[in-house]
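If you want the building blocks of each chain, they are given just below.
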Amino acid sequence: MLTMILRRIFLGLATISIVSLIIFAGVEILPGDACTQYLEQDQADVELLEKCRDDLNLNRPAHERYTEWALGALTGDLGMSVNGEAKISDLVGARFANSLLLAFFALLVGVPLAMLLGVITGLWRDRKPDIIFSTIAIFAMTIPEFVSATLLILVFSVWLGWLPGIVLTSAGSPISEFFPEILLPVIVLSLVMTAHVMRMVRSSVIEVMASDYVQMATLKGVPYWQMVFRHALPNALLPAINVVALTIAWLLGGVVVIEVVFNYPGLGRMMIDAISDRDLPVVQAIALIVASIYVCINLTADLMTMIANPKLRTMYLRK
Amino acid sequence: MSAATFINIQNLSVGYTSQSGEIIRVLRNVSLSINRGESIGLVGESGSGKSTLALAALGFFKRGLRALEGDVEFDGIDMLALERDDLQAIRGGRLALIPQNSGQSLTPTLRIGLQVAEALRLHSQLNESDFEARVVELLTQVRLPEPATLLSRFPHELSGGQQQRVAVAMALAGEPDALLLDEPTTGLDVTTQAHILELLRDLASERNMAMLYVSHDLGAISRVCDRVAVMYAGEIVLKGSTKQVLLSPRHPYAHGLLSSIPRLTQTSLPLALDGRPPMPSETITGCAFADRCALADERCRSTPPTLKQLESGEKVRCFHPDRIDQLPVVNKTVTQKGNVSADHGGDALGLNQLAISYAKPSLWNQLFSNASMPPATVDNINILIRTGETLGLVGESGSGKSTILKAIAGLISPKTGHLVLNGEGRLTPKVENRSALHLRQIQMIFQNPDDSLNPRHNIAQILAQPLRLYFSLTGEELRQRSIELLERVRLGSHYLDRRPSQLSGGEKQRVAVARAFAAEPAIVLCDEVTSALDVSVQAAVLDLLNELKAQRGTTYIFVSHDLAVVKAISNRVAVLYQGRLCEIGPVEAVYSKPFHPYTDVLLGAVLEPDPNFMPKLSADDVVELSPPKTGCPFQRRCPRKLGKICDTDVPPGRIFDNGHQINCHIPETDL
Ligand SMILES: Nc1ncnc2c1ncn2[C@@H]1O[C@H](COP(=O)(O)OP(=O)(O)OP(=O)(O)O)[C@@H](O)[C@H]1O
Ligand code: SF4
Ligand code: SF4
Ligand SMILES: [Mg+2]
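In this text the structure is predicted, and so the values were computed from the model without any measurement.

Participant: Even after reading the chapter, I still don't get the overall build of chain B, so can you show me in this structure?
Facilitator: A count of helices and strands for chain B gives 24 helices and 24 strands. Relative to the compact-globule value of 26 Å for 671 residues, chain B shows a C-alpha radius of gyration of 26 Å, a close match. The principal-axis extents of the C-alpha atoms in chain B amount to approximately 75 × 65 × 50 Å. Of all 671 residues assigned to chain B, the portion counted as buried reaches 57%. Partitioning the contacts of chain B with sequence separation of at least 6, the portion at a separation of at least 24 is 68%. With an accessible surface of roughly 28,200 Å², chain B has 48% of that area assigned to carbon and sulfur atoms. Seen as two clouds, the 68 positive and the 73 negative side-chain charges of chain B have centres 4 Å apart.

What follows is the structure in structure tokens.
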């Protein structure tokens, strides 16, 4: 078991290093470098360019810079942004905290709701509750986020005036200042997320309820709700771990569309801004962070599944 | 009805409403009664409604199905009118079910101990504190080894036979007065099956239980049941004592079913029962069996027969029970198995010192640990297969039968040793490196046609693949050849544009056979090709394979866990245990004395559909996970084990006439 976990962690680290190499190489292959990109090559003043290159150490060979960048990243130092004004780690840190905040509330609402609705629609398959919730879910999944976001803004802030439709708080402000501005983005995000996770939980519940062991439990005289809670749900919710994990990674990696629509200062918008500012060091840093988030969360999900699923657990314990 | 009638099903019809609003009957007017202490067998082809009937006895219907009319009573209680709470009290308590597939009927996330204790909590007056002791007692009663340690295991940590025993223990926890068993031993090895049946027999007589035993295996039925009911297309067509039904069946379908079972006492192929039963949605005007019945006349086709009692006591749904003796009993249509003598024909395939191992040291293990490797799954196999012969491979699950076929097909590379094709030269291990000629010459047919035929292709596309690939056929030529192939497997050209889902199991397997023969192979590998089929269909497929061989001189390697099937079709048989060869020789020699101790155990456990037959159980049925490192593979279970020498030394080959060889330390004269 322990070797298994260590091995997975090792593999995860290997994945991250490979991804970091690819990111770095990708930026290297681009025509020009961070400074020419930033200063828009043709009009660039040669002196400025040289100064910028000096600042960013761009004159040194690529492998040295990669090592430096990678080692820096390990200690949390992601270098300076291209205009040399701020440490990327500070910039990203604040934005990441915001993304975390948004993800946290979206998950807090979305995951329990999705599980509950998934189980309800699965158990009452093809009956009223299922038909109602499944229809809503399909709408929530098919309408693009920017449409549903705009609609909600229209209803709740423009017509009813209950909630602010846009986030004006700047990155780095204390959490309390994000209320109630954060509510609408949270609602839109949880809507999309709940719909996806719910559909998945529903089909898993339906499959398990049709299984031989659930039929056997019924024929053994187990009362309905005891059968549902002891025999069906533990098996039906196992696959949900991975789906929820992917959702978390998606939320943390920055939900670009939502952040742009609501002007929310999260990681996704920072990425967009960095791209339009041609700030390659920041783009590079964010790409690395997002990749690491995916790897970490997948790893955690796999380990959790392994612990929760007796088949996997015993397989590794007894080996 | 007599006062002792315990389970009483009267005129029960079960069905569903189809999408077009029609009511489709799955069970039609079925009556069955079981007394205390009596056990009744329910037989019939797949889809005949056996499981539906057994579940109906519990007042349970699968999603979509419902009782249309009739009564189900258990000890005077109307099971169809009960409230949920009262049903729960009876189910698993006084009336318990042992399900068709225990492996899938135990909840994967709950420990064995908890699942059995749950039945105690629901159906016994015991205190919570006494549960554990009682569970251990129950597990001991079903003869599970080390019951105390099994408590904390999860279902997947038990073998198939052990899971089945847990299901029995769970049923016994409620101290039932009646047991419903739905194919409790299907899919288990012969020795395991025989042991579980003995256990059930003992329990039934000890506790004076009523039993409804559902199975398509007449051998198992004959071992445990007093009376037998035969179902066909949702109706009971014959009811009588086990002796009457199995020894002198008075209904043409039962007669056909019995003659389609291959038996150890026969040397020829069993008689096939052609055709297939009507679907529940088809309208039947006369007798449901008329299309397949050799005795059918005008009356049979227009009027449905009723269930009538004969003087001898059986009840038969047939107009002509007195004409049964006009039905054929032995298979005359089939050409006898071609005899292949040692000097006839060349060598088709040689397996030289073949060893195969699944355990591959991963990169990680190679780098970071030096754990010793487990013994190879298959080891030291030397067999020379002659052209035109059928070599049967038998052994229990895990004996490496399929592994050997996979190596021949090139799906897995041997660890050591090699294959020689046509006595010419080595065959490249990996399928992707083999020449087109070699690929064409070796074809494989799989156990389950559902997995091996692409459901999105129609039959024409399925057959076109090999014809295009190996013979570059196109257009009209391709079509002609496809029709020819279909006719060879006794299907017509109208099958060309059907899809696999529109065919019955037997028809699908015929298409799989046709596809293999499209390549005009020299060697056909058959992996449990009839295991998923009903006996009647199995007989037809065996017949077909044998006929094709007679026409084309094809060589077969035929793998099956069913000793009677292997006997019926093979010229030579190899008996495997844990991937090692125990015995090999001509069929007649292997199936008669002298025996390898393992062959003896296997043959002893085979059940014949004959109530006078007694199985001989000489070794226990533990499942071994990996072969022993040294000595004889069978050392841990051998009832005739000599001693230390069996643990340390590889047994020598004892040679008899006609290339019959037994690998055992026991000297020739004592075997
Ligand atoms: N839920 C269902 N809805 C509609 N038809 C069903 C349903 N379950 C079974 N059937 C049909 O009822 C008939 C009887 O099925 P049943 O499972 O009782 O057969 P069986 O004799 O037990 O077969 P097997 O030997 O394969 O277990 C079949 O034609 C099957 O297709
Ligand atoms: S009634 Fe006629 S068709 Fe039916 S089984 Fe009897 S003889 Fe055959
Ligand atoms: S060699 Fe020994 S253990 Fe093996 S079968 Fe013979 S007697 Fe039994
Ligand atoms: Mg069944």
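After that view of the structure, there is still more to cover.
Participant: Any chance you could explain the packing of aromatic side chains here in plain terms?
Facilitator: The relation between two aromatic rings is expressed through the spacing of the ring centres and the mutual angle of the planes. Within the structure shown, the criterion is met by 16 aromatic pairs over all chains. Plain terms: the ring middles of B:Y232 and B:Y253 are 4.6 Å apart, the flat faces sit at 50° to each other, and that makes the pair tilted. Here B:Y232 is found in strand β9 (residues 227–232), whereas its partner B:Y253 is found in helix α11 (residues 252–259), with 21 residues between them in sequence. Of the two residues examined, B:Y232 and B:Y253, each falls in the buried class. Each residue in the set A:W124, A:Y224, A:W225 and A:F229 is aromatic and connected to the rest through ring pairs, giving one cluster. The aromatic ring of B:F319 is capped on one face by B:R299, whose charged end is 3.9 Å from the ring centroid. We note B:R498 situated over the ring of B:Y495; from NZ or CZ to the ring centre the distance is 4.6 Å.

Participant: Before we go on, may I ask you to explain the site of ligand 2 in this structure?
Facilitator: Around ligand 2 sit 13 residues, and of these B:C287, B:C293, B:C300, B:C318 and B:F319 come closest. Each residue belonging to the shell around ligand 2 can be placed in one class, and the counts come to eleven nonpolar, two polar and no charged.

Participant: Where do I start with the packing of helix α7 (residues 145–159) of chain A against helix α8 (residues 183–209) of chain A in this structure?
Facilitator: Helix-helix packing is described using two parameters, namely the angle between the two axes and the distance between the axes. All names here are of chain A. As a packed pair, α7 and α8 sit with axes 10 Å apart at the nearest point and diverge in direction by 140°. For the element pair α7 / α8, the angle class is oblique. Here α7 and α8 pass one another in a crossing that is right-handed. Judged by residue contacts, E145, S148, A149, L152, I153 and F156 of α7 engage L184, I187, V188 and V192 from α8. The class makeup of the residues in the contact of α7 with α8 is eight nonpolar, one polar and one charged.

Participant: Any chance you could explain the interface of chain B and chain A here in plain terms?
Facilitator: Frequently, the measure chosen for interface size is the accessible area removed from exposure when the parts meet. Of the residues lining the interface, 34 residues belong to chain B; the matching set on chain A comes to 26 residues. A combined buried area of about 2,800 Å² lies between chain B and chain A, and 57% of that area is made up of carbon and sulfur atoms. Summed over the shared surface of chain B and chain A, the result is three salt bridges. Note that A:R230 and B:E118 form a salt bridge whose closest N and O atoms lie 3.7 Å from each other. Here chain B is connected to chain A by ten residue pairs in polar contact (both at pLDDT 80 or more). Counting residues per element, the ones that place at least two in the side of chain B that touches chain A are α2 (84–90), α3 (102–105) and α4 (112–123) of chain B. Looking at the side of chain B that touches chain A, its residues break down into 14 nonpolar, eleven polar and nine charged.

Participant: What exactly am I supposed to notice about the site of ligand 3 here?
Facilitator: Around ligand 3, the surrounding shell consists of B:H596, B:P597, B:C632, B:Q635, B:C638, B:R640, B:K641, B:C646, B:P651, B:C664, B:H665 and B:I666. The class makeup of the residues in the shell around ligand 3 is seven nonpolar, three polar and two charged.

Participant: Can you help me understand unusual backbone geometry in this one?
Facilitator: Note: most peptide bonds trans; most residues except glycine with negative phi. All names here are of chain B. Between K593 and P594 the backbone carries a cis peptide bond, its omega angle lying at -5°. Relative to the helices and strands, P594 is located in the loop between α22 (587–590) and α23 (597–605). Positive phi, close to 50°, is recorded for A233, a residue that is not glycine. Mapped onto the elements, A233 comes out in the loop between β9 and β10 (235–241). Residue A233 is classed as buried on the basis of its relative accessible area, which comes to 15%. The residue E528 is not glycine, and still its phi comes out positive at about 50°. The topology assignment puts E528 in the loop between β19 (523–527) and α20 (535–552). A relative accessible area of 10% places E528 in the buried class.

Participant: Sorry, what's going on with the domain arrangement of chain A here?
Facilitator: Splitting chain A by domain gives domain 1 (2–74) and domain 2 (94–277). Computed from C-alpha atoms alone, the centre-to-centre distance between domain 1 of chain A and domain 2 of chain A is 35 Å.

Participant: Sorry, what's going on with the environment of B:H665 here?
Facilitator: Residue and element names in this part refer to chain B. Within the fold, H665 resides in the segment after β24 (661–663). Overall, H665 belongs to the buried group, its relative accessible area being 11%. As for H665 and K641, which are separated by 24 residues in sequence, their C-alpha atoms are 8.7 Å apart. With sequence-adjacent residues up to four places away left out, H665 is seen in contact with L642, I645, C646, D649, V650, P651, P652 and R654. Among the polar contacts made by the side chain of H665, one reaches the main-chain carbonyl oxygen of I645 at a distance of 3.4 Å. A polar contact of 2.8 Å, which involves the side chain of H665, links it to the backbone oxygen of D649.

Participant: Which parts of the structure should I look at to understand a nonpolar patch on the surface?
Facilitator: All names here are of chain A. Taken together, the side chains of L151, L154, V158, W159, L160 and W162 make up a nonpolar region of the molecular surface, amounting to roughly 690 Å² of accessible area. For W159, the location among the structural elements is in helix α7. The class for W159 is exposed, based on a relative accessible area of 62%.

Participant: Please clarify how the environment of B:S302 should be interpreted in this entry.
Facilitator: Residues and elements named next belong to chain B. Structurally, S302 is set in helix α12 (residues 298–302). A C-alpha to C-alpha distance of 4.4 Å links S302 and G286, two positions 16 residues apart in sequence. Discounting chain neighbours no more than four positions away, the residues touching S302 are T285 and G286. At a separation of 3.4 Å, a polar atom in the side chain of S302 contacts the side chain of T303.

What counts and what doesn't
- Residues numbered from 1 in each chain as written.
- Chains lettered and ligands numbered in written order.
- Predicted model: local features only at pLDDT ≥ 70, side-chain atom pairs only at ≥ 80, totals over all residues.
- Heavy atoms only, no water.
- Helix = DSSP H or I, 4+ residues; strand = E, 2+ residues; numbered from the N terminus.
- Rg over C-alpha atoms; globule rule 2.2 N^0.38 Å.
- Buried < 20%, exposed > 50% of the residue type's maximum accessible area, 1.4 Å probe, protein only.
- Contact = heavy atoms within 4.5 Å.
- Areas by Shrake-Rupley, 256 points an atom, 1.4 Å probe, with all protein chains shown as cover.
- Lys, Arg positive; Asp, Glu negative; His and termini not counted.
- Charge placed at Lys NZ, Arg CZ, Asp CG, Glu CD.
- Phe/Tyr/Trp six-rings, centres within 6.5 Å; stacked < 30°, edge-to-face > 60°.
- Lys NZ or Arg CZ within 6 Å of the ring centre and 35° of its normal.
- Near = heavy atom within 4 Å.
- Nonpolar A, V, L, I, M, F, W, Y, C, P; charged D, E, K, R; others polar.
- Axes fitted to C-alpha atoms, helices over the stretch in contact; angles between N-to-C directions.
- Parallel < 35°, antiparallel > 145°, perpendicular 65-115°, else oblique.
- Left-handed = near helix turned anticlockwise from the far one by under 90°.
- Buried area = accessible area lost by both parts, 1.4 Å probe.
- Salt bridge = Lys/Arg side-chain N within 4 Å of Asp/Glu carboxyl O.
- Polar contact = N/O pair within 3.5 Å; in protein donor to acceptor, adjacent residues only side chain to side chain.
- Domains from an automatic or database assignment.
- Patch = residues over 30% accessible without salt bridge, like charges linked within 9 Å, V, L, I, M, F, W, Y side chains within 5 Å.

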